[in-house]
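Structural description and commentary
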Number of protein chains: 2
Amino acid sequence: MTTQQLIEQIKLKKSFLCVGLDVDLNKIPEYFLEQEDPIFEFNKAIIDATHDLAVAYKPNTAFFEAYGIKGWISLQKTINYINENYPVIFTIADAKRGDIGNTSSMYAKAFFEDLNFDSITVAPYMGKDSVEPFLAFEDKHTIMLALTSNEGAFDFQTLDVDGKELYKRVLETSKTWKNSENLMYVVGATKAEYFTEIRKIVPDSFLLVPGVGAQGGSLSEVCKYGMNDNVGLLINSSRGIIYASKETDFAEKARAEALKMQEEMAEILQSK
Amino acid sequence: MTTQQLIEQIKLKKSFLCVGLDVDLNKIPEYFLEQEDPIFEFNKAIIDATHDLAVAYKPNTAFFEAYGIKGWISLQKTINYINENYPVIFTIADAKRGDIGNTSSMYAKAFFEDLNFDSITVAPYMGKDSVEPFLAFEDKHTIMLALTSNEGAFDFQTLDVDGKELYKRVLETSKTWKNSENLMYVVGATKAEYFTEIRKIVPDSFLLVPGVGAQGGSLSEVCKYGMNDNVGLLINSSRGIIYASKETDFAEKARAEALKMQEEMAEILQSK
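Keep in mind the model is a prediction, meaning the values are calculated, not measured.

Turning our attention to the pairing of strand β3 (residues 90–97) of chain B. All names here are of chain B. Counting buried positions along β3 yields eight of eight residues, so the element is predominantly enclosed. Side chains Phe90, Ile92, Asp94 and Lys96 project from β3 onto one buried face, and the interleaved Thr91, Ala93, Ala95 and Arg97 project onto a second face that is buried too. As paired strands, strand β2 (residues 56–59) and β3 are joined by two bridges and run parallel to one another. When the sheet's bridge partners are listed, Tyr57 is paired in β3 with Thr91. Direction of pairing for β3 relative to strand β4 (residues 119–122): parallel, over a ladder of three bridges. Bridge pairing in β4 links Ala93 to Ile120. Running through helix α5 (residues 101–114), the crossover from β3 to the neighbouring parallel element β4 is right-handed.

Here it is, written out as structure tokens:
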């Protein structure tokens, strides 16, 4: 999917909501456990209930890998289900990969070709040759960690490097890489006041924003400082939507939570 | 496996060789492609030919994920084969994972419990709460990227943070984390002169060292500056061993390359 197509979907749906599919078998309605593939069946129900309110889905690979081969089958079925039934949805493999060049190429092949995701999250620590292999794929997007939403973000990301925080150096340096127009960035909502500075460095890039909801970030604050002319934001919510209820009404409740966010987003878009 | 057991194996085998299992179907003997699971069959042959010369095997997950579910079956069969047939071998999942706390817990579960690896490589960018979930597992080891062997290492890892390179800050900070005794570190052989400084910060930790051989690092230089009283080094070789030949003699040639390294290691250990 091209960035332009993503922007069109955002305008059409009046939504820049991304739903995180981080399925923990201990947190879904118990009757799913009797099914052959509870993770996929749960995802399918969530997707069917929210697809008109969200522009993106983000399965986190950890929650699939934890169940071994069965988990990978669930991941493949989930991405195939989205691609077949809702082809205009932007798909994100939240995998946080990154390795030396020839190895990153294998990861890119795994997620962009074998699984056919539109994008993947990657970690920047190993630098240019660990990220460029992902950037080489046309109409695929590489979402690099910049400033994350967790406490540990302050361990290294905000350290002062010659008068400038590390995450700013990461943003600046990445702009010099080949095919850097295929980059997006992860910026946590819990640090809304940082968005002003970040937009000075990457005014046009899409930012994937975790941390609204369960982790305490504010949607209106993020939009105030982080939105650009093309919206430029994908706001992720995982637990707040998919675990809105553990009863038979889980899909209905998930839709209600997604709708609440979509309506807030529509209002923000209109007031722009 | 405990660190003490690893040290005993190193002394017994007079080897601190780790063989990297990065299987690319384009680089193995063609007749493997006719088999049902060429990756596993190739790994099995390499392991059988080298197990008495190596103390560790390191499958890189990218090379399995690139083949989708079939690849994950190969990974599971490979780790099971090692654990069942060579239980004293130290196993490393070269996965370079790392995410927010509850997600890292899922990765730890995937690799330490479901697949039963002794260790996993992780990336430090997201800080303390992204690594501590791995450290909580008893007799399991978390190998954190410090200074990698690729060119991109100089993009961020060696940046000056208040008069000290970032990778040194990563090493120092990680020592304050809970269960930090379960940490090991990745330090590339291509930067042998850095080992002296690194040993001042982590004198006792094991270092996993890629970059000898194909990437140009020198074994004797690494040992000169990086070895401690318990050896404290695992030297990885992937391509130099597993792709020593593409003909029917590939296992024999792989053994010959592994033997060459083991003999050099035995000599170094004796001269200590």
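Text resumes after the structure shown.
Attention now goes to the side chain of Asn60 of chain B. Along the chain, Asn60 of chain B falls in the loop between β2 and α3 (62–65). In this structure Asn60 of chain B comes out as buried when scored by relative accessible area, which is 2%. In contact with Asn60 of chain B, not counting residues within four places along its chain, are Asp99, Thr103 and Tyr107 of chain A together with Leu21, Asp22, Asp94 and Lys96 of chain B.

Below, the discussion takes up the environment of Ile46 of chain B. Here Ile46 of chain B shows up in helix α2 (residues 38–50). Relative accessible area serves as the criterion here: at 0%, Ile46 of chain B is assigned to the buried category.

Moving on, we get to the sheet that holds β4 of chain B. Residue and element names in this part refer to chain B. One closed barrel accounts for eight strands, arranged β1-β2-β3-β4-β5-β8-β9-β10; its pairing is parallel. Averaged over all neighbouring strand pairs, the angle between strand axes comes to 30°, with direction disregarded. Set on the sheet, helix α10 (residues 219–226) makes contact with β9 (207–209) and β10 (233–237); between it and β10 the angle comes to about 160°.

We now examine the relation of the copies chain A and chain B. The two copies are related by a screw operation: chain A maps onto chain B through 180° of rotation and 0.0 Å of translation along the axis, at an RMSD of 0.0 Å. Interpreted geometrically, this transformation is the action of a two-fold axis. Closest approach to the rotation axis within chain A is made by the C-alpha atom of Val161 of chain A, at a distance of 2.4 Å.

Using the residue numbers shown here, the UniProt feature "active site" (unreviewed entry) corresponds to Lys96 of chain A. With respect to the helices and strands, the residue Lys96 of chain A is situated in strand β3 (residues 90–97). Owing to a relative accessible area of 7%, Lys96 of chain A belongs among the buried residues under this scheme. Sequence-distant contacts of Lys96 of chain A, that is, excluding residues within four places in its chain, are made with Asn60, Thr121, Val122, Ala123 and Leu145 of chain A together with Lys96, Gly98, Asp99 and Met126 of chain B.

Here the focus is the interface of chain A and chain B. Every contact between the two is made by 56 residues of chain A and, on the other side, 56 residues of chain B. Summed over both partners, the interface of chain A with chain B comes to about 4900 Å²; 63% of that surface belongs to carbon and sulfur atoms. Of all residues in chain A, Met106, Tyr125 and Phe156 of chain A give up the largest surface area on contact with chain B, accounting jointly for 18% of the area buried on that side. In this assembly, chain A and chain B are joined by four salt bridges. Joining chain A to chain B, the criterion identifies 24 residue pairs in polar contact (both at pLDDT 80 or more).

Either a parallel or an antiparallel arrangement is found when strands of a sheet pair, and the pairing is made through backbone hydrogen bonds. Residue and element names in this part refer to chain A. Sheet architecture is closed into a barrel: eight strands sit in the order β1-β2-β3-β4-β5-β8-β9-β10, paired in parallel fashion. In this sheet, adjacent strand axes meet at a mean angle of 30° when their direction is disregarded. When strand β9 (residues 207–209) meets strand β10 (residues 233–237), the two strands line up parallel, connected through three bridges. Counted as the bridge partner of Val209 is Ile235 from β10.

Let us now look at unusual backbone geometry. In this structure, Lys96 of chain A takes a positive phi of about 50° despite not being glycine. Phi is positive for Asp139 of chain B, which is not a glycine, with a value near 55°. Relative to the elements of secondary structure, Asp139 of chain B occurs in the loop between α6 (128–135) and β5 (141–147). In this structure Asp139 of chain B comes out as partly exposed when scored by relative accessible area, which is 37%.

Next up on the list: a negative patch on the surface. On the surface, Asp160 and Asp162 of chain A together with Asp160 and Asp162 of chain B cluster together into a negatively charged patch. Considering the arrangement of structural elements, one finds Asp162 of chain A in the loop between β6 (160–161) and β7 (164–165). Residue class for Asp162 of chain A comes out exposed when judged on its relative accessible area of 62%.

Here the structure, examined in full by the defined rule, presents 26 salt bridges over all chains. The partner of Glu165 of chain B in a salt bridge is Lys168 of chain B, and the shortest N-O contact between them spans 3.2 Å. A network of salt bridges, in which partner residues are shared, links Lys58, Asp94 and Lys96 of chain A together with Asp99 of chain B.

Residues and elements named next belong to chain A. For Ser245, the location among the structural elements is in the loop between α11 (239–242) and α12 (250–271). Exposure remark for Ser245: the relative accessible area of 9% places this residue in the buried category. Only 2.9 Å separates the side chain of Ser245 from the backbone nitrogen of Glu247, close enough to count as a polar contact. Leave out the neighbours within four places in its chain, and Ser245 touches Phe250 and Lys253.

This paragraph deals with helix α1 (residues 3–13) of chain B. Residues and elements named next belong to chain B. Where α1 is concerned, the buried positions are Leu6, Ile7, Gln9, Ile10 and Lys13. Projection of α1 onto a plane perpendicular to its axis shows the buried side chains occupying an angular sector of 160°, all on one side. Every exposed residue of α1 that faces more than 90 degrees away from the buried side is listed here: Lys11 and Leu12. At its buried positions, α1 is contacted by β3, β8 (183–187), β10 and α12 (250–271). Of the residues trailing α1, Lys14 is marked for its positive phi of about 50°.

What follows deals with the packing of aromatic side chains. All names here are of chain B. Tallied over the entire structure, the rule returns 27 aromatic pairs over all chains. Ring centres of Trp72 and Phe111 lie 6.1 Å apart, and the angle between their planes is 50°; this geometry places the pair in the tilted category. Residue Trp72 is located in helix α4 (residues 68–85), and its partner Phe111 is located in helix α5; the two are separated by 39 residues in the primary sequence. With a relative accessible area of 1%, Trp72 lands in the buried category. Taking relative accessible area as the criterion, Phe111 reaches 0% and is therefore assigned buried.

Cut-offs applied
- Residues numbered from 1 in each chain as written.
- Chains lettered and ligands numbered in written order.
- Predicted model: local features only at pLDDT ≥ 70, side-chain atom pairs only at ≥ 80, totals over all residues.
- Heavy atoms only, no water.
- Buried < 20%, exposed > 50% of the residue type's maximum accessible area, 1.4 Å probe, protein only.
- Helix = DSSP H or I, 4+ residues; strand = E, 2+ residues; numbered from the N terminus.
- Pairing = 2+ DSSP bridges.
- Right-handed = clockwise from strand over helix to strand, strands pointing away.
- Contact = heavy atoms within 4.5 Å.
- Axes fitted to C-alpha atoms, helices over the stretch in contact; angles between N-to-C directions.
- Least-squares fit on C-alpha atoms with pLDDT ≥ 70 in both.
- UniProt positions renumbered as here; feature names shortened; annotations may be inferred.
- Buried area = accessible area lost by both parts, 1.4 Å probe.
- Salt bridge = Lys/Arg side-chain N within 4 Å of Asp/Glu carboxyl O.
- Polar contact = N/O pair within 3.5 Å; in protein donor to acceptor, adjacent residues only side chain to side chain.
- Patch = residues over 30% accessible without salt bridge, like charges linked within 9 Å, V, L, I, M, F, W, Y side chains within 5 Å.
- Areas by Shrake-Rupley, 256 points an atom, 1.4 Å probe, with all protein chains shown as cover.
- Lys, Arg positive; Asp, Glu negative; His and termini not counted.
- Charge placed at Lys NZ, Arg CZ, Asp CG, Glu CD.
- Arc of directions from axis to C-beta.
- Phe/Tyr/Trp six-rings, centres within 6.5 Å; stacked < 30°, edge-to-face > 60°.

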